[in-house]
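Next come the chains, spelled out residue by residue.
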Amino acid sequence: MVWEGEGVIKYGRKLIGATDPQKSEPGTIRGDLVVVVGRNIIHGSDGPETAKDEIGLWFKPEELVNYTSNAEKWIYGVN
């Protein structure tokens, strides 16, 4: 899955949890579902440039779909 939006890397990584599952907070994906670093079940890029490279590793361009919620104009003030 590819996410985009304001603060998505920061908040996505918070949802995922620390790289070392033993240091991940309860309620995070790694904190609740992972035991060993080498058996990780999720990855999150650490910045826009690495995200761009990593998206290219896992997805074909035709697999990426742009979606705009009708609520976006109310949240971000976009007309």
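Right, let's walk through the structure included here. As the structure is a prediction and not an experimental result, all values here were calculated from the model. (Residues numbered from 1 in each chain as written. Predicted model: local features only at pLDDT ≥ 70, side-chain atom pairs only at ≥ 80, totals over all residues. Heavy atoms only, no water.)

Observations concerning the overall build of the protein chain
- Each helix and strand in the protein chain was counted, giving four helices and zero strands.
- Shown N-terminal to C-terminal, the secondary structure of the protein chain runs as helices and strands in the order α-α-α-α.
- Expressed along its principal axes, the backbone C-alpha trace of the protein chain runs to roughly 45 × 30 × 20 Å.
- Counting over 79 residues, the protein chain shows a buried share of 15%.
- When contacts within the protein chain are restricted to residue pairs at least 6 apart in sequence, those whose partners lie at least 24 apart make up 27%.
- When the accessible surface of the protein chain is summed, it comes to about 6900 Å², and 56% of that surface belongs to carbon and sulfur atoms.
- Side chains of the protein chain give 9 positive and 12 negative charges; the mean places of these two sets differ by 4 Å. (Helix = DSSP H or I, 4+ residues; strand = E, 2+ residues; numbered from the N terminus. Buried < 20%, exposed > 50% of the residue type's maximum accessible area, 1.4 Å probe, protein only. Contact = heavy atoms within 4.5 Å. Areas by Shrake-Rupley, 256 points an atom, 1.4 Å probe, with all protein chains shown as cover. Lys, Arg positive; Asp, Glu negative; His and termini not counted. Charge placed at Lys NZ, Arg CZ, Asp CG, Glu CD.)

Some thoughts on the environment of Gly47
- Within the secondary structure layout, Gly47 lies in the loop between helix H2 (29-33) and helix H3 (48-58).
- For the pair Gly47 and Val36, spaced 11 residues apart in sequence, the C-alpha separation works out to 24 Å.

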